[in-house]
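# Chains, contacts and geometry: an overview
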Amino acid sequence: MTAGSPRDKPSLSAAHVESISSGSENGGYLRGNHAATPGDDSDESTALLGPGGPGRDQGTPRKDSWVGLEDFEGFPWWKKPSVWWLLVPYALFTLAFGGTIVPKLNLIIDLICQRHFADRSAADPEFSYKPVILGSDNPQCLLPEVQRIVATFMLIYNVLIGVLSSLTAPKLGALSDRYGRKRIMVISSFGGIVGEVIIILTAKYPDVIHYKWIIVGAFFDGLAGSFTAGSVLTHSYASDCTPPSKRSVAIGYLHSCLYSGLAFGPLIAGYFVEWMGSLVSIFYVTLGCHVFFILFTYFAIPESLSKKRQHLARERYAMEQAKFGPVPTFVSSIQNYVPFGKHFTDATRSWRAANPFAPLKILYPTGPGTSQLRRNLLAMAFIDFCIVGVAMSSGPVIILYTEYMFSWGNLEASRFISLTYTVRVVILVGVFPVINYLFRTRKRQAKIRRQRVLDEAAGIPVSPAFEAKNAGADRLDIWILRTALLSDVVGVVGYIFVRSSSMFVLCAIVTAFGGLGSATISASLSKQVPADRVGQVLGAAGLLHALSRIVAPAIFNGLYAATVESFPQAVFILLSAMFALAFLASLLVRPHVFLDEDDEPVAGDAGASRSSNRNGSRRDEMEDDELLRSV
């Protein structure tokens, strides 16, 4: 037996285990074949004897090792997934999204107005009108009948995208668990390309291509999941390759890209259109951004899910689908004669069990010991709905309110939007990482140093690596979430009472701290489930986002229209009530509650008993390996 053999390593007795200070929000520190119980929630790392277990070289300590990156060890840097790969293409993606909101609306108004006047002129030869120039000021279009047609058209456009994306975004998120993130990201981006091409053709040839063809573009955009699917997939990618202790910050970077796009996209687009002298030019740029995103994602970004994890997710999905029974005989016979026959059979089985709200099932787990996990998931889903769905849907109403109360024009409104979103970006990029370092990373590093001193005193080999494992949202996540929601409540309540523009802007800056909540809730949701179900749970959240795009605008716009003459602040009472309910829901969330790799619910304090199950988990890993060999 060699000197480095695992059998030469000293094993720990139960007394040794209990003598070591426990504390890790992910399930404790592993020492050889023993596990200490979790206690403190400031750590999300598990100390190992090395990346390969006992007997490995005990060299210089290195960075934390996230279990999601184990399959990529030894790969060159350009083949290792990281959230940094996403920032540049996602920033361009969000700039294109934010930059075309106003130009697209103005283009649609001009096209509808142009067609309306042409139809009236054809019906009445004596009718005369000033020609409508696309992208120019067209005061002749400020007619009630034109505004009514535009409002109806935009309602159909937004509802179609919202309904379709609510159906497809969860499916794409679940598919990404089984077939990889980057492949599904590329597929979902093609819908945006089709939509931009149709808009360009409609603007270039308005006499030949009717503006109603834009609805066809909305159909393909929604069918591909639209912006909802893009957010779900990028957040899933970040969750795959980021340890739980750093996941909120990583997703915060993605949210900062989104807010940057919303803040600077309209300004950049406005200056670009003025420089080029053509409204259509911005859509060529947007089309180029979509193409760049697809090419960069497909050829440059490394996949975040290894083949092993994809195979395991597919096998789990197959077992779940088998519960619905076999497909008809004629369908199974087609499998041998058509390309991708197996996928055709799987799709048929899926359609038989189709339910538009089936993706929400993951938010309501059942069975023994799932009550707290179910409470966590439902509370977080409601909070996410309020933060992302309701808050973003109320944005247009806030702009209408400021223009009505303070007589703001386009310039003042644009500055207001840019300021509030810029503050959110600064908080997510500058403040959030500092909070994470002070209250999580530094405490973890201090604990690791203390643990090594105890290990050396006990004669235990010093661990060179610390493997991060998931253990649900920790107390820091929950307190950040509550603080963010409280800032939203305070800021929106301020909207109700202030009557000066400067104080209104100050209240908006207070609500900007709520941006911490948007990143934290996405990360916390991903921590509630194992890695192969992250896309599924974020897809369920995406379904709620899409539904909010349908319901929330109608509620907020309808309430504002009904009360603008008597009490225009009524909409802020509703908004503050929603954030207050979200804050109360956050009080129901408990730390260290999650679904483990074996689909068994684990509560924070109950995690201490999990050390007795370590041999079972090791047997499950061996079964997974056997399963992969048979694939």
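Residues numbered from 1 in each chain as written. Predicted model: local features only at pLDDT ≥ 70, side-chain atom pairs only at ≥ 80, totals over all residues. Heavy atoms only, no water.

Basically, it comes down to this: UniProt positions are given in the numbering used here, feature names are shortened, and annotations may be inferred rather than shown by experiment.
Where an unreviewed UniProt entry is consulted, the protein appears under the name Major facilitator superfamily domain-containing protein, with the organism given as Lasiosphaeria ovina. The UniProt entry for the protein carries the following text under Subcellular location (unreviewed entry): "Membrane".

## Considering the overall build of the protein
Basically, it comes down to this: By definition, any uninterrupted DSSP run of H or I lasting at least four residues is a helix, any uninterrupted run of E lasting at least two residues is a strand, and each is numbered from the N terminus. Categorising residues by exposure relies on relative accessible area from a 1.4 Å probe, with only protein chains included: less than 20% of the type maximum marks a residue as buried, more than 50% marks it as exposed, and the intermediate range marks it as partly exposed. Whether two residues are in contact is decided by their heavy atoms: any pair within 4.5 Å suffices. In these tables, accessible area is a Shrake-Rupley quantity obtained with a 1.4 Å probe, and a residue counts as shielded only by the protein chains included in the view.
Regarding its fold elements, the protein presents 21 helices and 7 strands. Residue burial in the protein is summarised as follows: out of 631 residues, 51% are buried. Within the protein, contacts between residues at least 6 apart in sequence are counted, and of these 77% link residues at least 24 apart. In the structure as shown, the protein presents an accessible area of about 29400 Å², 64% of it carried by carbon and sulfur atoms.

## A few points about helix H10 (residues 307-322)
Stated precisely, the cut-off is as follows: To estimate the expected span of a helix, count its residues, drop one, and scale the result by 1.5 Å.
Taking 1.5 Å per residue, 16 residues should reach 22 Å; H10 reaches 22 Å between its end C-alpha atoms and fits that length. Within H10, the full set of buried residues consists of Arg-309, Gln-310, Leu-312, Ala-313, Arg-316, Tyr-317 and Gln-321.

## A look at the side chain of His-290
Along the polypeptide, His-290 turns up in helix H9 (residues 281-299). Assessed through its relative accessible area of 11%, His-290 is described here as buried. The residues touching His-290, leaving out its near neighbours within four places in the chain, are Phe-93, Ser-189, Gly-192, Ile-193 and Glu-196.

## So, helix H14 (residues 395-406)
The end-to-end C-alpha separation of H14 is 16 Å, in line with the 16 Å expected for 12 residues at 1.5 Å each. Of all the positions in H14, only Val-397, Ile-398, Ile-399, Tyr-401, Thr-402 and Phe-406 are classed as buried. Directly after H14, the chain includes Ser-407, whose backbone phi takes a positive value near 60 degrees.

## Observations concerning a nonpolar patch on the surface
Defined as follows: Here, patches come from residues exposed beyond 30% relative accessible area and free of salt bridges, joined within 9 Å for like charges and within 5 Å for nonpolar side chains (Val, Leu, Ile, Met, Phe, Trp, Tyr). What counts as a salt bridge is simple: a side-chain nitrogen of Lys or Arg found within 4 Å of a carboxyl oxygen of Asp or Glu.
A contiguous nonpolar surface patch, about 460 Å² in accessible area, is contributed by Leu-95, Phe-264, Leu-267, Ile-268 and Tyr-271. With 4 residues, the top contributor of residues to the nonpolar patch is helix H8 (residues 244-276). When you line up the elements, Leu-267 lands in helix H8.

## A few points about the packing of helix H5 (residues 181-204) against H9
The condition that has to hold: Interaxial angle, 0 to 180 degrees, is taken between N-to-C directions of lines fitted to C-alpha atoms, where a helix line uses only the stretch in contact. Each angle is binned into one of four classes, with values under 35 degrees roughly parallel, values over 145 roughly antiparallel, values of 65 to 115 roughly perpendicular, and all other values oblique. The crossing is said to be left-handed when, going from far helix to near helix, the turn is anticlockwise and less than a right angle, and right-handed when the turn is clockwise. Three classes are used, and their members are as follows: Ala, Val, Leu, Ile, Met, Phe, Trp, Tyr, Cys and Pro are nonpolar, Asp, Glu, Lys and Arg are charged, and the others, Gly among them, are polar.
Packing of H5 against H9 brings their axes to within 9 Å, and their N-to-C directions diverge by 160 degrees. It follows that H5 is roughly antiparallel to H9 by the angle criterion. As H5 packs across H9, the resulting crossing turns out to be left-handed. Contacts from Lys-182, Met-185, Val-186, Ser-189, Phe-190, Gly-192, Ile-193, Glu-196, Val-197, Ile-199, Ile-200 and Lys-204 in H5 reach Phe-283, Tyr-284, Thr-286, Leu-287, His-290, Val-291, Phe-293, Ile-294, Thr-297 and Tyr-298 in H9. Split by residue class, the contact of H5 with H9 holds 14 nonpolar, 5 polar and 3 charged.

## Topic: unusual backbone geometry
Unlike most non-glycine residues, Ser-226 shows phi in positive territory, near 55 degrees. Residue classification places Ser-226 among the buried positions, given a relative accessible area of 11%. Of note in this structure, Ser-407 is not a glycine but carries a positive phi near 60 degrees. Tracing the backbone through its elements, the reader meets Ser-407 in the loop between H14 and helix H15 (410-458).

## Digging into the nonpolar core
Short version of the rule: Buried Ala, Val, Leu, Ile, Met, Phe, Trp, Tyr and Cys residues form a nonpolar core when they are joined through side-chain atoms within 4.5 Å.
In terms of nonpolar packing, the biggest core is built from 57 residues, with Leu-363, Ile-383, Phe-416, Tyr-495, Phe-504, Val-537 and Phe-572 touching the most fellow members. Contributions of two or more residues to this core are made by helix H13 (371-393), H14, H15, helix H16 (475-497), helix H17 (501-512), helix H18 (515-526), helix H19 (534-563) and helix H20 (570-586). In terms of residue count, the dominant contributor to this core is H13 (10 residues). Grouped together as the second largest cluster of nonpolar side chains are 39 residues, Cys-241, Tyr-253, Phe-432 and Ala-523 included.

## What about the side chain of Asp-474?
Just so we agree on the cut-off: Nitrogen and oxygen atoms within 3.5 Å of one another constitute a polar contact, given that in protein one can donate a hydrogen and the other can accept it, and given that sequence-neighbouring residues count only through two side-chain atoms.
Mapped onto the fold, Asp-474 is located in the loop between strand E5 (465-468) and H16. Of the residues examined, Asp-474 reaches a relative accessible area of 1% and is grouped as buried. Of note is the side chain of Asp-474, whose polar atom sits 2.7 Å from the side chain of Arg-440.

## Side note on the packing of aromatic side chains
Basically, it comes down to this: Aromatic rings from Phe, Tyr and Trp, taking only the six-membered ring of Trp, are treated as a pair when their centres fall within 6.5 Å; an angle between ring planes under 30 degrees marks them as stacked, one over 60 as edge-to-face, and anything in between as tilted. Charges are assigned to positions over rings by a cutoff of 6 Å between ring centre and Lys NZ or Arg CZ, combined with an angular limit of 35 degrees from the ring normal.
Tallied over the full model, the rule gives 23 aromatic pairs. Here the aromatic rings of Phe-272 and Trp-275 are separated by 5.9 Å at their centres, their planes lie at 65 degrees, and the arrangement is edge-to-face. Of this pair, Phe-272 and Trp-275 are both found in helix H8, 3 residues apart, which corresponds to roughly one turn of the helix. Taken together, the ring pairs in this structure connect Tyr-401, Phe-406, Trp-408, Phe-416, Tyr-495, Phe-504 and Phe-572 into an aromatic cluster. Of note, Arg-178 hangs over the ring of Tyr-317, and the distance from its end group to the ring centre comes to 3.6 Å. Over the ring of Tyr-298 we find Lys-182, and its NZ or CZ is 5.9 Å from the ring centre.

## What about the confidence of the model for the protein?
Counted only if it meets this: Known as pLDDT, the predictor's confidence for each residue is given on a scale from 0 to 100.
Per-residue pLDDT for the protein has a mean of 76; in total, 77% of the residues score no lower than 70. When mean pLDDT is compared element by element in the protein, H16 scores highest at 94, while strand E2 (residues 34-35) scores lowest at 34. Within the model, pLDDT remains below 50 along residues 1-65, and this stretch shows 161 contacts once partners closer than five positions in the same chain are excluded.

## Here's the deal with the environment of Phe-572
Position of Phe-572 among the secondary structure elements: in helix H20. Taking C-alpha positions, Phe-572 is 9.7 Å from Val-397, a pair spaced 175 residues apart along the chain. What Phe-572 contacts, discounting residues up to four positions off in sequence, is Ile-398, Tyr-401, Val-492, Tyr-495, Ile-496 and Phe-504.

## Quick notes on the pattern of salt bridges
Per the counting criterion, the structure on display carries 6 salt bridges. Residue Lys-527 pairs with Asp-477 through a salt bridge whose shortest N-O separation is 2.6 Å. Of this pair, Lys-527 sits in the loop between H18 and H19 while Asp-477 sits in helix H16; the two residues are 50 residues apart in sequence, bridging distant segments of the chain. Across the pair, Asp-477 and Lys-527 agree in class, each one buried.

## Some details on the environment of Lys-104
Its place among the elements puts Lys-104 in helix H3 (residues 101-123). Look at Lys-104 and you get buried, because its relative accessible area is 17%. A C-alpha to C-alpha distance of 10.0 Å links Lys-104 and Glu-196, two positions 92 residues apart in sequence. Non-local contacts of Lys-104, meaning those with residues more than four positions away in its chain, are made with Tyr-157, Glu-196, Ile-199 and Phe-283.

## Brief notes about the packing of H19 against H20
Across the interface, H19 lies against H20 with an axial gap of 8 Å and an inter-helix angle of 145 degrees. Packed against H19, whose contacting residues are Ile-555, Phe-556, Leu-559, Tyr-560 and Thr-563, the element H20 presents Ala-570, Val-571, Leu-574 and Leu-575 at the interface. Partitioning the contact of H19 with H20 into residue classes produces 8 nonpolar, 1 polar and no charged.

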